[in-house]
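# Descriptive analysis of the structure
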Amino acid sequence: MLTAEQNETLTRTGPGTPMGDVFRRYWMPALLSRELPGPDCPPVRLKILGEDFIAFRDSTGRVGIVEPRCPHRGANLFFGRNEACGLRCAYHGWKFDAEGRCVDIPNVTPDVAERMKPRAAIRALHTAEAGDIVWAYFGQPDDAPAVPDFEFAAVPAEHRFVGKKRQQCNWAQACEGGLDTAHFSYLHAGINEGRKVGLHQVGRVPSGSGDTREPPRLARLRWLIEDGAPRFTVLDHAAGLLLCAARTADDDHLYWRMTQFLMPNHSLTPGNFSEDTALANTWVPIDDTSCWIFCYAWHPDRPIGDRERERLSRGAGIFAEVDDDYVPIRRRENDYLLDRELQRNASFTGIAGISEQDQAIADSQGLIADRTRELLCQTDLGVVRFRDLMFEAAQGVREGETPLGARNARAYRVRSGDAVAPHDLAVEEVVRERFGERWGVRLNAQDP
Amino acid sequence: MLTAEQNETLTRTGPGTPMGDVFRRYWMPALLSRELPGPDCPPVRLKILGEDFIAFRDSTGRVGIVEPRCPHRGANLFFGRNEACGLRCAYHGWKFDAEGRCVDIPNVTPDVAERMKPRAAIRALHTAEAGDIVWAYFGQPDDAPAVPDFEFAAVPAEHRFVGKKRQQCNWAQACEGGLDTAHFSYLHAGINEGRKVGLHQVGRVPSGSGDTREPPRLARLRWLIEDGAPRFTVLDHAAGLLLCAARTADDDHLYWRMTQFLMPNHSLTPGNFSEDTALANTWVPIDDTSCWIFCYAWHPDRPIGDRERERLSRGAGIFAEVDDDYVPIRRRENDYLLDRELQRNASFTGIAGISEQDQAIADSQGLIADRTRELLCQTDLGVVRFRDLMFEAAQGVREGETPLGARNARAYRVRSGDAVAPHDLAVEEVVRERFGERWGVRLNAQDP
Amino acid sequence: MLTAEQNETLTRTGPGTPMGDVFRRYWMPALLSRELPGPDCPPVRLKILGEDFIAFRDSTGRVGIVEPRCPHRGANLFFGRNEACGLRCAYHGWKFDAEGRCVDIPNVTPDVAERMKPRAAIRALHTAEAGDIVWAYFGQPDDAPAVPDFEFAAVPAEHRFVGKKRQQCNWAQACEGGLDTAHFSYLHAGINEGRKVGLHQVGRVPSGSGDTREPPRLARLRWLIEDGAPRFTVLDHAAGLLLCAARTADDDHLYWRMTQFLMPNHSLTPGNFSEDTALANTWVPIDDTSCWIFCYAWHPDRPIGDRERERLSRGAGIFAEVDDDYVPIRRRENDYLLDRELQRNASFTGIAGISEQDQAIADSQGLIADRTRELLCQTDLGVVRFRDLMFEAAQGVREGETPLGARNARAYRVRSGDAVAPHDLAVEEVVRERFGERWGVRLNAQDP
C-alpha cells in the first residue's frame, strides 16, 4: 500500500516528474524498426513519456526522432516530406536532419537563411537500433550510455521476433502484472467441468500426478493450478531483481518460476525451460494513462521457425492480436470480447488470449491504479520490491546519482526461466544451476 | 426560479451532497430483475447516485450489489466469476458473497487467509426484489425500512409490465416533466391541416364537441388540446403530493388529470380512468447528468394481455423504444430522429413517441437545467411544490430527521388518474370519489 | 512572435474578450442563405463567437437569429415549430418572432399572458441578407451600420457562387494562412520526378522559361515554384491591408500576387487576373478552436457557368469537398486522407485539394497556434501587419473608438489579384494599373 504521493511518484513520467527524470536516464524502446521500413519512408507520430515526436528514417537509413513543431510558424512536421536526408515542412519548406539541425530555409534569401539556421534547430532524441527496435535516449547525445545488452538483441535476427501492443492504463500496474507470477494460477487458468484446471486440460478428462501418460512439459501447468500460493524470494543484482517463486511439484520437488525485473521498465518472463523460446517485455509510457508494451521472443541457440513466428505474429502468449496500429482487437472499449459462456465452461476469465487476460485485468485496476487502498500479501513481494527500487531510483536521481543499471549495459545480459529442484535446495543454488552467471551481475561489479 | 445554490442542491445526488443524503434514505430501483436472469448469471455493471457497483445473482438467487474493486490489488470484479455463492476476482481468486464478505483468499496459506478475510470485506448495498425490480438501500442493512408498497409490485406478476430507459440529463428536470401535465396540450399534440389537434385526430376530418359520434375516451384528448391552460391544485400526503389539474370539458364539467409525486423520485401518471392500465415512473440518478427512468405498467384487476405487453415492450406511451442496453433508439445524439416533415403535417414535435418527446424536451433544457433563469406560471405549480418538498427533505435530513415517506411503506399505496366532474365540485370531493382512501395517506397518520 | 497574453488576445473571441468586442462591432456572415431555403423552413442551430443561437426564416422570409433558450423553463427552441411568423416552443407553446419578441403564451389566461410577454422577450441578433449570405450584427439594431459592400454581393446572383467549410482550429491561424502567399510555392506545389513543380507540370515532361509552347497562364505557376522567397510590401487602406508579394518572372519582370485583408476576418485572394473568377474568404469563429470559412467566387462581368459552378460545388480551389453539414471529407480525424505515395510522386503534401492542404497545415499548428515560439521572416510580413491591425482595433474598441472599416461599408468595394510588371515599376503604380480606385479607399476618406 502506498501513500497518494507515492502513487503519484511511481506512476507519473511526464517532463519534470521524479519518475520521468528516472526514465530519461535510460534508453527507451521507441518503435519497432519495421515501423520505419526503409530510407525516406513516411514519417510517423510518436508519443513517449507524455511528449510528442515525429520519427523518420532518412536517406541513409538513420532514424531521427524530433519534436513535431516547425520553429518557423509551428506547423506539424508529420505532414512534411521525408526527402534527401531530412524532413521538410509542408508549409514553407524548412528542412531538418535526423539530429534536428535546420538544413534549409528556402523562403528567404540565402544569406538570411545561413544566419537563421542555427536558431532554427529543433529538439532531437539520440537514437540507436538494436534487436529490430528503435531505441531513444532523452539525455545529451554525447553523454549517452551504451544500449542495454539484452540477449534478444544480441542473437541473430532469425532467432528473434519482436512486436508491440497498446495498453490502456498506466505503465506501472501493467508492469506489476508481469512481476506477479502468482496470478497465473487464476487469471490464466482453464475450467473443466466447473473446476479450475491447466489450459491444456480444458475439455479433456482430468489427469493427476499419478497419470503416467502426462508429458513432463504439461506437469508444470498442473502445478501452477494445484499450488495457487507460491512462495517468493527476491535476489538483487546490478540491473534489477530476480523474482523467484516456488510452487509444490511432484515427489518432494519445487517448481520454480523466475522472473527478471530490469530497470526501469523491463521484464524477462518465467514459464520457459532451456529448450523453450524466451520472452520479455518493456512497458513504455505513452502518457500517464496508456503505454506501449514491447514484446520480445528469442532463442539463444536456434532460429524461430516460420510456424512459431506466424503464431506469435497472430497474437500468441505475451503477444496480443492487434490491428494495423498495434491496438489489441480485444480491448477496454469492447470488454475484451469477454464471453460469459466461455467463462463458465472453459476459461477462468472468458477472455481469449494470455496477453488479453493480462491487459484486461491491468486496465480494470483503473486508468491509474489506486495503491492507497490495497491488501498486499506474500505473493505481492515482487511488486513491493519493484516499487522500492523505483523509489530508490527517483531519490537517487534527485540527488544526482546514476540510477541502477543505467550505465551498465552488460548487466542486462541476464536470463529468466523455470526450474524443478529438490525442495531443500537453496534458491541461490537453484538459480546458479539454471542460469550460471546469467542470473544477474553482482551489485558491486564494475562495468568494464 | 431558484438561486444557483438551490439549483445545485436540487440536482446533485453524489456522495456527501445534501440531496444525495436524502436519496440514500430511500430504497432505489437499481435494476430490472430480468437483467439478472438466474442464479450465477453474468455480473453486470451498475452506477447509481454517482457510485459504481457490480450486481450479481448468487447460486441461491439472492442479488448482491457490491463495490467493483477487489480489496487486494484493485482489480475490477466485473471480470470476476460468479460461482458457488460468490463473486471471485479474476486476478488472484479472492471471493466475496452477496453481502460483501470475503469468503476465500486462495493465494495465501489458509491460516493467513482466515486472518485477512475480515479486513477484506467490501461494501455491499442492502437489496430486495419486488415488482420485478431489484431495489437497493444505501443505509445500514439492519436499519433498512420496508420497501415502498407500490401497487404495481403488489399485483400478480401477470398484471404487470416493467422496463427502463436511459435519460441523458439530470434526474430533476426529467422528473419535473412528469409533474407538469400542462405540456400534454403542446408537446404531445398532433397536427391536422396546420392546427393543433389530439393525436387521434391526425389525418382525420376534425371533429368537435358537437360530433355525436365521438367516443367518450377520445373526448379527453380533445379537451387536452382545447384547454391548454389547466388550473392546478396540490394536495399533501404522507409520501408526497397529489397534483390535480383541471381543464374545461363539455357541459359545464371539468376534466381532471391527477398526478402523484412520491418522495423522492417517483411519479404515478395521469391519463388513465379506472378501466385503464396504470402507469408510473421512477427517475434514478446515474450521475448528475444522466438517469435511468424505470417504467411501470399494471392493472389492479386484470392481467396485461400479450398484445398490450408486446406494445409496451416495443416502446408505447411512457415506455421508449430502446436498444439492448436500454438506451433509447431516438436520443440526444441523433436529435431523436426529428422529422421536420412530420412536424409540419402530423405531430407538434416531429418526434415519434410520447416518451421520446418527453426525453427530448428534458434533454433540451441542458445536461443540468439552469433554474436561475425561469419565468414560472400557474401551470408550474406542481414543479414548484416538488422543489419545495425536496428542499424540506434536504433540510430535515441535515437536522437528523427521517424524510417524508422514507419509513412509511404503506403511504406508497396510492393511485393516480383522471376524472370528469361538475365544475363546482370541490377538488377534495373529486379526489375522494375517484380514489377513495387511495388518494394519499393523511400526513399525520402513523405507520402501523 | 507574440507574448502569451497577446496570443490570447488575438485568438479569443468569446463574449467579454477584447477581440470578441472587436468582432461584435462588425457584421458577421452567419449562414448561407440556402441553409434557410424558404419561409417557415426548419430552424437550424448556429454557433458564432462562442455563443449558441437558433436561426429560422419566418413566414415573410425574414431571418431570425435568437438565443436557443425558451425563457419559461429553458427548453431549447431548436425543437420548436416554425409557424405563422414565429418560432413556437415545443414544451408549452410559447412563441417568439424574428426580433425575439414573445408573441404568445398560451398556457396562462390571456390577461396574464399580456402582462408576461414583455418580460419573456429573448435575445435576437440584427440580421440582413446580401450575396446569398445571412449576415448578423451583435450590437443594437438601431445602431447597426450598413452591411459591408463586397463586390461578390453586389454582382447579379448568377455571377456568384458561395459556400462554406468547417475548419478545426482557431480562426486566426487559418486566416493567417490566407495572408501568406509565400506558402503557395511549397504547400500547393506538385512533384515531378522528385522535384518541386507547378501543379500543371505533374506527370509531364518539365518545361522551362525557354519553352515557347508554354501558355501565358501557366507561366505564373512556374514562377510560383521558381521563386519561393517573394518580397512583401503592405499598403494600408480604410478597411484593412493590401499585401503585395513580388516574385521574379521572365524577362526582367516581376510577378505580383496581391491579397486583400479586410477587417476583421475577410480576405480577397490573389491568383487571379482580370479575366479570372475572383475569390474571397471570411473566417468566422464558431468557438476558439473551430471556425467556419465562408467562400465566395464571383465574376464582375459574366455569369459563373454551370460547369464552373459544378466544379466549385464539388470542392475546387478555395472550396472544400464537404459533407451535408459542410464538414470537409478530408479533415483532421482522417489526416486529410494523406497519401504518402502521392506525396512521393505527384504532390508536395500528398493531400488532395488546395483547400484541404490549407486546412491541414492550419490545423497542424494546434487547436490554437502557439505564437510565443516562432521564427518569423520576411514572407511573414502580411501576418505581422494583420496582427498589429487586430491589436490596434482591440485597443481602439477598449477606448470607445469605432474599429477600422466597421462603419465604412464602401471601403469593402476593393479587389485583389495578380499582375506582371517591369521590375522597376513602383508597387503603388502596379496597384493603380491593376485595380484603379479599387485597390483600397484612402485611410482618411470620409464615408459619404
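Right, let's talk about the side chain of Arg73(A) for a bit. With respect to the secondary-structure elements, Arg73(A) resides in the loop between strand 4 (63–66) and strand 5 (81–82). Looking at Arg73(A), its side chain comes within polar contact range of the side chain of Asp380(C), at 2.8 Å. Setting aside residues up to four positions removed in sequence, Arg73(A) forms contacts with Tyr91(A), His92(A), Glu176(C), Gly177(C), Asp180(C), Gln365(C), Glu374(C), Leu376(C), Asp380(C), Val383(C) and Arg387(C).

Here we come to the relation of the copies chain A and chain B. When chain A is brought onto chain B, the operation consists of a screw motion whose angular component is 120 degrees and whose axial shift is 0.1 Å, with 0.0 Å RMSD remaining. Both copies of the chain, as the preceding transformation shows, are related through a three-fold rotation axis. The rotation axis passes nearest to the C-alpha of Glu333(A) in chain A, at a distance of 11 Å.

Turning our eyes to something else, we now look at the confidence of the model for chain A. Mean pLDDT over chain A stands at 95; residues scoring 70 or higher make up 97%. Interface confidence for the predicted complex, expressed as ipTM, amounts to 0.95; the pTM equals 0.95.

Turning next to unusual backbone geometry. Residues and elements named next belong to chain B. In this structure, the amide linkage connecting Met263 to the following residue, Pro264, adopts the cis form with an omega of -10 degrees. Checked against the element boundaries, Pro264 lands in the loop between strand 16 (253–262) and strand 17 (266–268). Of note in this structure, Glu193 is not a glycine but carries a positive phi near 50 degrees. Mapped onto the elements, Glu193 comes out in the loop between strand 12 (190–192) and strand 13 (195–197).

Next up on the list: the sheet that holds strand 8 (residues 102–104) of chain C. Residues and elements named next belong to chain C. The strand order across the open sheet built from four strands is 5-6-7-8, with neighbouring strands paired in antiparallel fashion. Among the strands making up the open sheet, the edge pair consists of strand 5 (81–82) and strand 8. Where strand 5 lies against strand 6 (residues 87–88), two bridges are found, and the strand directions are antiparallel. In the sheet register, Arg81 faces strand 6, and the bridge partner there is Arg88.

In this complex, chain A contributes 30 residues to the contact, which on the side of chain C involves 35 residues. Summing both sides of the interface, chain A and chain C together bury roughly 2700 Å²; the carbon and sulfur share of this comes to 53%. Where chain A packs against chain C, one counts four salt bridges. Between Asp335(C) and Arg45(A) there is a salt bridge whose closest N-O contact spans 2.7 Å. Broken down by class, the residue content of the side of chain A that touches chain C amounts to 15 nonpolar, seven polar and eight charged.

The rules behind these values
Residues numbered from 1 in each chain as written. Chains lettered and ligands numbered in written order. Predicted model: local features only at pLDDT ≥ 70, side-chain atom pairs only at ≥ 80, totals over all residues. Heavy atoms only, no water. Helix = DSSP H or I, 4+ residues; strand = E, 2+ residues; numbered from the N terminus. Polar contact = N/O pair within 3.5 Å; in protein donor to acceptor, adjacent residues only side chain to side chain. Contact = heavy atoms within 4.5 Å. Least-squares fit on C-alpha atoms with pLDDT ≥ 70 in both. pLDDT = per-residue confidence, 0-100. Pairing = 2+ DSSP bridges. Buried area = accessible area lost by both parts, 1.4 Å probe. Salt bridge = Lys/Arg side-chain N within 4 Å of Asp/Glu carboxyl O. Nonpolar A, V, L, I, M, F, W, Y, C, P; charged D, E, K, R; others polar.

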